Amino acid sequence: MFSFRGCGRWVAASVTKQHLPLAWFSGENAAPWTPRFDVVVVGGGHAGTEAAAAAARCGSQTLLLTHRADTIGQMSCNPSFGGIGKGHLMREVDALDGLCSRICDQSGVHYKVLNRRKGPAVWGLRAQIDRKLYKQNMQKEILNTPLLTVQEGAVEDLILTEPEPEHTGKCRVSGVVLVDGSTVYAESVILTTGTFLRGMIVIGLEMHPAGRLGDQPSIGLAQTLEKLGFVVGRLKTGTPPRIAKESINFSILNKQTPDNPSIPFSFIHKTVWIEPEDQLPCYLTHTNPRVDEIILENLHLNSHVKETTRGPRYCPSIESKVLRFPNRLHQVWLEPEGLDSDLIYPQGLSVTLPAELQEKMITCIRGLEKAQVVQPGYGVQYDYLDPRQITPSLETHLVQRLFFAGQINGTTGYEEAAAQGVIAGINASLRVRQRPPFIISRTEGYIGVLIDDLTTLGTSEPYRMFTSRAEFRLSLRPDNADSRLTFRGYKEAGCVSQERYERASWMKSSLEEGISVLKSIEFASSKWKKLIPEASISINKSLPLRALDVLKYEEVNTEVLAKAVPEPLKKYSECRELAERLKIEATYESVLFHQQQEIKEVQRDEALQLPEDLDYLTLRDVSLSYEVREKLQFSRPQTIGAAGRIPGVTPAAIVNLLRFVKTTHQRQAAMNELSKTDQCLRGTDKLEERQL
């Protein structure tokens, strides 16, 4: 047994205080305190909470290690969840019985579906969240999860042992070393360190070590990972200042109200916890030329912007927007932080100027002329690990049973972190039980797109999910995430509850029955026009129309159709979610057939597995350039399809790889057949011997 000791220390503020009794941290039926667990999760952010809960749901004794238990579920940046692409991830996390969607339905203060002008395949469920409520509800969920124990502690190092011979990797992780020198042993370890790996906070020209405002960074663990040979990069992000609500003149600003009715994130909720009339509004204002002047005149006082470290492309600082898009007005959304919070979050105004200049800039904006800055904005610079060093199960290539999830893989956003967390938790548990990994392909979900992009393409800037990243958007919709993933989660991973499985089964059978009934009802177009005069149905059509075809018209929904043909359609309009999903299925019926054919073609490539132990640098049976060999050796794709998505891997190389894989499969099949024949002959010989 050996370990890599780090030089620095991640000293959490809570280490020096008296620990609360461990019973307070343990869920019902949790393991008594012991230094050995099935799964240890390091970090209590959005990736860590999902990972720990998922591992526990799968039946593993799980320990969640966090520097401070009172920060579990903390929303460090924006007070919102969801959005375009991100809402899809939340629905998929929920389909696997994840936490964030249910907690958001219990903690939101403003629910709205974005992108309504486009089709339902790209709608983005989004909500403003009460920070305090979300943290309270998440902690309650975590601390009452069976098989899950929470312990305060800062991880300094990893315990490493000899590798398992049947798997690739230079060594195997067997636990963690805490900052006080104590050890915790585990069968699998998940690192969800967020921005804490050698984190540095920046305001103006001032820099000081921190993973988040008020929390010390992780130095020793970062050094351990680097010594192990992981390729480490550097990224940066930032957060806006917080403004006193009472100092803002909302009366002159554009007001945005929530949806009525509000659509919940979770499939198991019919409604959210708060009525639309009790929800809080958001307000819109804009920057102006004076804001640009203040930023441009003071760039010499802003070290964060001058850094060559890459920041988020799709959520940039106001300084980056002014430099990249000069002479433009930029939106600033004023978002509430909670029902009883006195703070407003100015979305779109992430800034790292000195504090006094931040206030000067803010008071130039319409509605904020008398604004009081309660907390200045700041930047964070941190280490991340090249995600091409992990497999689609999120286990690392270098160290067996070590999993990464969240910002450590180069992503940004709560939703991206939660999606990786739930997959890492499931697979860490499956690894303990020596079961096959739970992999979501890019044909099955946005989670699959996210992980495939990271593991095959890598990233040099904080990665954010958008619907445009998915090739099969019409099939991977927010409304059908349960039918895509819940059954797999229940049968293959054991991470889905019986209640959720039964509800998904009911919805699946109801949809199939409803679509079948809608297809069976046929009338002439003239009759449909009489029944539903508001629909733009042409009476010149010679062929009869099915009810499913009529449901495709914009003016027609399931309720309208049920009024026209009460029997047998009335019962399908009584459940709001079922009625909406029937409408969506009808809308995409014709195009989905063609997309399913395309998906099958991709899945054929994905079915061609590459051997796990291939050494591409010394492989002789296939013609590949040295550049291609290097790229394949670094990324270690698991399928031909994944290899084809690696930049620089040419079509010719894919053809040669494909030929190699097919030849290898044929040889293996022949050997298996020969082995069966040999066994059969030996069995015959033994039978003859017994007869003699």
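Our subject is the structure listed above.
Here the residue index of a chain counts from 1 through its sequence in written order. The predicted nature of this model means local features are confined to residues of pLDDT at least 70 and side-chain atom pairs, given and counted, to a pLDDT of 80 or more, with totals for whole chains, interfaces and linings taken over all residues. Only hydrogens and water are set aside; all other atoms, that is, all heavy atoms of the structure, feed into the side-chain values.

S.K.: Explain the sheet that holds strand E5 (residues 108-114) here, please?
M.R.: Sheet strands pair by backbone hydrogen bonding; their relative direction is either parallel or antiparallel. By this definition, two strands are paired if DSSP reports at least two bridges between them. Think of it this way: any DSSP run of H or I at least four residues long counts as a helix, any run of E at least two long counts as a strand, and we number them from the N terminus. Taken together, the three strands give an open sheet; going across it, the order is E4-E6-E5, and neighbouring strands pair in antiparallel fashion. Edge positions in the open sheet fall to strand E4 (80-82) and E5, since each of these has one partner strand only. Within this sheet the neighbouring strands show an average axis-to-axis angle of 15°, counted without direction. Axes, fitted as lines to C-alpha atoms, cover a helix only where it is in contact. Angles between the N-to-C directions of the axes lie from 0 to 180 degrees.

S.K.: Please explain unusual backbone geometry as it appears in this structure.
M.R.: A negative phi holds for most residues other than glycine; trans holds for most peptide bonds. The amide bond that connects Asn260 to the next residue, Pro261, takes the cis arrangement and shows omega of 5°. Within the secondary structure, Pro261 is located in the loop between strand E15 (254-256) and strand E16 (282-286). Following Glu567, the chain continues to Pro568 via a peptide bond in cis, the omega torsion being 15°. Tracing the backbone shows Pro568 in helix H18 (residues 566-569). Phi angles above zero are rare outside glycine, and Leu394 is one such case at about 75°. Throughout, exposure labels follow a simple rule: accessible area from a 1.4 Å probe, protein chains only, divided by the maximum for the residue type, with under 20% read as buried, over 50% as exposed, and the rest as partly exposed. Its relative accessible area of 1% is what places Leu394 among the buried residues.

S.K.: Looking at this model, I keep getting lost on the packing of helix H7 (residues 289-297) against helix H10 (residues 355-362). Mind explaining?
M.R.: Axis separation between H7 and H10 bottoms out at 9 Å; the angle between their running directions is 165°. One finds that H7 runs roughly antiparallel with respect to H10. Considering the relative orientation of H7 and H10, their crossing is right-handed. Mapping the contact onto sequence places Arg290, Val291, Ile294 and Ile295 in H7 and Leu357, Lys360 and Met361 in H10. Here roughly perpendicular refers to angles of 65 to 115 degrees, roughly parallel to angles under 35, roughly antiparallel to angles over 145, and oblique to all remaining angles. For any pair of crossing helices, the crossing counts as left-handed if the nearer helix is rotated counterclockwise from the farther one by less than a right angle, and right-handed if it is rotated clockwise. Note on contacts: a residue pair qualifies if any of its non-hydrogen atoms lie within 4.5 Å across the two residues.

S.K.: Any chance you could explain the packing of aromatic side chains here in plain terms?
M.R.: Each aromatic ring pair is summarised here by two numbers: the centre-to-centre distance and the angle between the ring planes. In summary, the pairing rule links any two rings of Phe, Tyr or Trp, Trp by its six-membered ring, whose centres are within 6.5 Å, and it sorts them by plane angle into stacked for under 30 degrees, edge-to-face for over 60 and tilted for everything else. Across all of its chains, the model carries seven aromatic pairs by this definition. Taken together, a centroid distance of 3.8 Å and an interplanar angle of 10° make the contact between Tyr490 and Tyr501 stacked. Remark: Tyr501 occurs in helix H14 (residues 498-520) and Tyr490 occurs in helix H13 (residues 481-493); sequence separation between them is eleven residues. Pairwise contacts between aromatic rings join Phe81, Tyr134 and Tyr414 into one cluster. Either the NZ atom of lysine or the CZ atom of arginine qualifies as a charge over a ring when it sits within 6 Å of the ring centre and within 35 degrees of the ring normal. Seen from the ring of Trp123, Arg116 lies directly overhead, with NZ or CZ sitting 4.5 Å from the centre. When the ring centre of Phe523 is taken as origin, the NZ or CZ atom of Lys527, which lies over that ring, is 3.9 Å away.

S.K.: Is there a simple way to think about the sheet that holds strand E13 (residues 232-239) in this case?
M.R.: Taken together, the four strands give an open sheet; going across it, the order is E12-E11-E20-E13, and neighbouring strands pair in antiparallel fashion. Each having just a single partner strand, strand E12 (206-209) and E13 make up the two edges of the open sheet. On average, each strand axis in the sheet is tilted by 25° relative to the strand beside it, whichever way the strands run. Pairing between E13 and strand E20 (residues 378-385): eight bridges, direction antiparallel.

S.K.: I keep staring at the environment of Gln279 and nothing clicks. Help me out?
M.R.: Position of Gln279 among the secondary structure elements: in the loop between E15 and E16. When near neighbours in sequence (up to four residues on either side) are disregarded, Gln279 contacts Val109, His110, Tyr111, Pro258, Ser262, Val272 and Ile274. A polar contact of 3.0 Å, which involves the side chain of Gln279, links it to the backbone nitrogen of Tyr111. In terms of polar contacts, Gln279 uses its side chain to reach the side chain of Ser262, at 2.9 Å. Pairs of N or O atoms are called polar contacts if they sit within 3.5 Å, as long as, within protein, a hydrogen donor faces a hydrogen acceptor (for residues adjacent in sequence, only side-chain-to-side-chain pairs).

S.K.: What exactly am I supposed to notice about the side chain of Gln595 here?
M.R.: Mapped onto the fold, Gln595 is located in helix H19 (residues 576-606). Beyond its immediate sequence surroundings of up to four residues, Gln595 is in contact with Glu471, Phe472, Arg473, Leu474 and Ser475.

S.K.: Before we go on, may I ask you to explain the pattern of salt bridges in this structure?
M.R.: Where charged atoms of side chains with opposite charge meet at close range, the side chains can pair. What makes a salt bridge here is a side-chain nitrogen of Lys or Arg within 4 Å of a carboxyl oxygen of Asp or Glu, nothing more. All told, the structure shown has 43 salt bridges when counted by the stated rule. Put simply, Arg401 and Glu164 hold a salt bridge, and the shortest N to O gap is 3.0 Å. In this pair, Arg401 is assigned in the loop between strand E21 (399-400) and strand E22 (402-404) and Glu164 in the loop between strand E8 (155-161) and strand E9 (171-178), connecting sequence segments 237 residues apart. The two residues Arg401 and Glu164 agree in class, both being buried. Each of Glu164, Arg172, Glu187, Glu395, Arg401 and Arg431 takes part in one network of salt bridges that share partners.

S.K.: Could you clarify how one ought to interpret H13 in this entry?
M.R.: For the α-helix, the turn length of 3.6 residues means that residues three or four positions removed from each other point alike. Every buried residue belonging to H13 is among Ala481, Asp482, Arg484, Leu485, Thr486, Phe487, Arg488, Gly489 and Ala493, and all of these are buried. Summarising the contacts, the buried residues of H13 are in contact with helix H3 (86-95), helix H11 (414-432), H14 and H19. Phi turns positive one or two residues past the end of H13, at Gly494, with a value near 70°.

S.K.: Could you clarify how one ought to interpret helix H12 (residues 446-457) in this entry?
M.R.: A rise of 1.5 Å per residue sets the reference length of H12, with its twelve residues, at 16 Å; its end C-alpha atoms lie 16 Å apart and thus fit the reference within 8%. Across the twelve residues of H12, eleven count as buried, placing the element largely inside the fold. Considered for burial, the residues of H12 that qualify are Tyr446, Ile447, Gly448, Val449, Leu450, Ile451, Asp452, Asp453, Leu454, Thr455 and Thr456. Note on H12: the residue one or two positions beyond its end, Gly458, has a positive phi of about 70°. Take the number of residues in a helix, subtract one, and multiply by 1.5 Å to get its expected span.

S.K.: Can you walk me through the nonpolar core in this structure?
M.R.: When a protein is soluble and globular, its nonpolar side chains tend to lie buried together. The criterion is simple. A nonpolar core is a set of buried Ala, Val, Leu, Ile, Met, Phe, Trp, Tyr and Cys residues joined through side-chain atoms within 4.5 Å. Counting residues in each nonpolar core, the largest one holds 103 residues, and the members touching the most others are Val40, Leu96, Val176, Leu402 and Ile426. Considering every element that reaches this core, the biggest residue donor is H11, with ten residues. What fixes the domain bounds is an automatic or database domain assignment. Residues lining this core come from more than one domain, with at least three contributed by each of domain 1 (37-238 + 382-487) and domain 2 (242-379). Residues in contact with Leu96, not counting those within four places in the same chain, are Arg57, Val422, Ile423, Ile426, Phe438, Ile440, Ile447, Leu485, Gly489, Cys495 and Val496.

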